[in-house]
Number of protein chains: 2
Amino acid sequence: MKTEEEVEDFILNGHKHYLRHITIDCAIIGYHDQQLKILLVKWKHLNGWGLPGGFIMNEETLNEAANRILMEKTSLSDLFLQQFYTFGDSFFRLSKKDWDKDQRLLIPIPEDNWLLERTISIGYYAVVDFEKVSISPDIFYDEYQWCDIQSIPELLFDHNEMVEKAIQTIRLQIYHQPIGYNLLSEKFTLPEIHVLYETILGKQLDRRNFPKKLMSLGILKKLDEQRSIGPHRSPFLYEFDKENYEKALMEGIALAF
Amino acid sequence: MKTEEEVEDFILNGHKHYLRHITIDCAIIGYHDQQLKILLVKWKHLNGWGLPGGFIMNEETLNEAANRILMEKTSLSDLFLQQFYTFGDSFFRLSKKDWDKDQRLLIPIPEDNWLLERTISIGYYAVVDFEKVSISPDIFYDEYQWCDIQSIPELLFDHNEMVEKAIQTIRLQIYHQPIGYNLLSEKFTLPEIHVLYETILGKQLDRRNFPKKLMSLGILKKLDEQRSIGPHRSPFLYEFDKENYEKALMEGIALAF
DNA sequence: AATTTATTGCGTAAAATTTACAGAATCAAA
DNA sequence: TTTGATTCTGTAAATTTTACGCAATAAATT
């Protein structure tokens, strides 16, 4: 969606290709260097920050739509993308007034345009290493930021509620679903996955007990290689046991920290 | 929605009052006498069984809509109603062919009618004592049944998947959220809540250890009354400590069985 | 080549929790 | 008063979790 014609077509005829009333919004949690951040984008015409999102095309499934939208906004694919809740209590998303106010928008919008209707938003989350993400702008967004989880500003619509629920869900899910597949390199060390869990849970986990619990799940395979980390003992590399990982995704796991 | 005029108006003009594309479906899990059942309804025009559901009105929130729909279908209100997942991979809900085939329907349906569009369905579940529920029919449904969880027939759309996910969610949530407020009488005995948990989890819980764990949550209050149960020792009555129960709902609990 | 420094990796004792189970108390009907 | 079925409490054993000391290792420095 780059040319003027495409944008105009999206505004006037988008409702033929996308489902009205429904959006998908993504709470993309970024993790790096013991910090948790969330990806916020600035809406061109509303002059406020919110979560990246988009509409669902007529012929794609919800997961396909979520993956496509995430791909468009972050250039990332094949992420650990999880639906977590559907929000529908924010009755007005865009108003004609806000739209008309903004000079950057290309065409005036008809009063009964589909983009001005109430929307229900399906929330998805992903956890990514924010050092590896590159954001590509979109007609609706012109800026983005990785915002510290602790100090989130007031967001548009009900996006504050969505962020809160996303983080809450992740912290709960970490006990029941194997998390980490897309956050770490294919091969990683125990200390690496250790700080990942510490960061997400926001608390310290005993360095010596953590490997025992994690290994007892049977989803990790110890490799015969080590990583060189300078003048220190070389930690062994691990990778996820694909088969058991998939099984654990389906059936759930039980962890206690 | 009883008179012919009302039905016709719903079909032709419903899209002005309800959100297109979106429905709420309810997996109503019924519990009684150590059995788990699910409420199924038969769709008039599709000749198949599915979950009761309905559309969202323009000016009501999702929870309001879910409660209204549940009220309409079961005459129950103020239930422990929880959103659990949103489904959108079943592309066709109704077809004009199916509609036209059914003689009981009152009017022919236009090809581009809103009821024939793809729908996204927000799933809610409730757990109720099925002995206390009375079902009131609707234009779309003419029969209902309480179906044993173990032997669910093939359902319409993606409702089999919804039922499966609902039960899975309930079993997971029972460890993290206090369940029981709407299932038991206001005052209940330990054995009563004990079999409730056993039924939902589908396994036996030690009769002597169960009370210890449950009481340690601090959401139950022992009363100074007893229930008379015939020629046996009278069990004490308990009730939920409203304040702590609400707190536990918000913050979650941790149980291990 | 030995020493130093920072980190990984393992084992084990102590503490806490969970599980298993026995027996006393209670109620109402016979 | 006896009987039968059920509630309720306590406690020892088993298991799990937690805490933590120390050996092993890697490379840079002496």
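Just so it is clear, the model here is predicted, and its values are computed rather than measured.

Caption draft 1: Region of the structure containing unusual backbone geometry. Phi is positive for A:Phe157, close to 50 degrees, though the residue is something other than glycine. By secondary structure assignment, the location of A:Phe157 is in the loop between strand 7 (141-148) and helix 4 (159-173). For B:His21, which is not a glycine, the phi torsion comes out positive at approximately 75 degrees. Residue classification places B:His21 among the buried residues on the basis of a relative accessible area of 8%.

Caption draft 2: Up close: helix 2 (residues 62-74) of chain A. Residue and element names in this part refer to chain A. In a regular helix each residue adds 1.5 Å, so 13 residues correspond to 18 Å; helix 2 covers 18 Å between its end C-alpha atoms and thus fits that length. Along helix 2, the residues that are buried comprise Leu62, Ala65, Ala66, Arg68, Ile69, Leu70, Lys73 and Thr74. Downstream of helix 2 by one or two residues, Ser75 has phi in the positive range, about 65 degrees.

Caption draft 3: Up close: the packing of aromatic side chains. What the rule picks out here adds up to 26 aromatic pairs over all chains. Between A:Phe10 and A:Trp114, the ring centres sit 5.5 Å apart and the planes meet at 70 degrees, which makes this aromatic pair edge-to-face. On the criterion of sequence distance, the pair formed by A:Phe10 in helix 1 (residues 4-17) and A:Trp114 in the loop between helix 3 (96-101) and strand 6 (120-129) is long-range, its members being 104 residues apart. Residues B:Phe240 and B:Tyr245 carry aromatic rings whose centres are separated by 4.8 Å and whose planes lie at 65 degrees to one another, so their mutual orientation is edge-to-face. Put simply, the rings of A:Phe10, A:Tyr18, A:Phe55 and A:Trp114 touch in pairs and so form one group of aromatic residues. Here the basic side chain of A:Lys222 rests over the ring of A:Phe236, its NZ or CZ set 4.3 Å away from the ring centre.

Caption draft 4: Representation of the sheet that holds strand 10 (residues 236-240) of chain B. All names here are of chain B. If you walk across this open sheet you meet the three strands as 8-10-9, and the pairing is antiparallel. Of all the strands in the sheet, just strand 8 (188-189) and strand 9 (220-226) have a single pairing partner and so form its edges. Pairing between strand 9 and strand 10: four bridges, direction antiparallel. Across the sheet, Gln226 pairs through a bridge with Phe236, a residue of strand 10.

Caption draft 5: Expanded view of the nonpolar core. Core analysis: the biggest nonpolar cluster contains 48 residues, and A:Ile24 and B:Ile24 have the highest contact counts within it. At the level of secondary structure, the elements contributing two or more residues to this core comprise strand 1 (18-32), helix 2 and strand 6 of chain A together with strand 1 (18-32), helix 2 (62-74) and strand 6 (120-129) of chain B. In this structure, B:Ile24 is in contact with B:Pro52, B:Gly53, B:Gly54, B:Ile56, B:Leu62, B:Ala65, B:Ala66, B:Ile69, B:Ser121, B:Ile122 and B:Tyr124, ignoring residues within four places of it in sequence.

Conventions used here
- In every chain, residue numbers begin from 1 and rise along the written sequence.
- Numbering of ligands from 1 and lettering of chains from A proceed in the order in which they are written.
- The predicted nature of this model means local features are confined to residues of pLDDT at least 70 and side-chain atom pairs, given and counted, to a pLDDT of 80 or more, with totals for whole chains, interfaces and linings taken over all residues.
- Hydrogens and water are ignored here; the side-chain numbers use all heavy atoms of the structure.
- Here a helix means four or more residues in a row that DSSP labels H or I, a strand means two or more in a row labelled E, and each is numbered from the N terminus.
- Burial status follows relative accessibility: with a 1.4 Å probe on protein chains alone, a residue under 20% of its type maximum counts as buried, one over 50% as exposed, and anything between as partly exposed.
- One less than the residue count of a helix, multiplied by 1.5 Å, gives the span that helix is expected to have.
- In summary, the pairing rule links any two rings of Phe, Tyr or Trp, Trp by its six-membered ring, whose centres are within 6.5 Å, and it sorts them by plane angle into stacked for under 30 degrees, edge-to-face for over 60 and tilted for everything else.
- In this analysis the charged atom, NZ for Lys or CZ for Arg, is taken to sit over a ring once it is within 6 Å of the ring centre and within 35 degrees of the ring normal.
- By definition, two strands form a pair when at least two bridges between them are found by DSSP.
- Nonpolar cores were defined as sets of buried Ala, Val, Leu, Ile, Met, Phe, Trp, Tyr and Cys residues, with membership established by side-chain atoms within 4.5 Å.
- It only takes one pair of heavy atoms within 4.5 Å for two residues to be counted as in contact.

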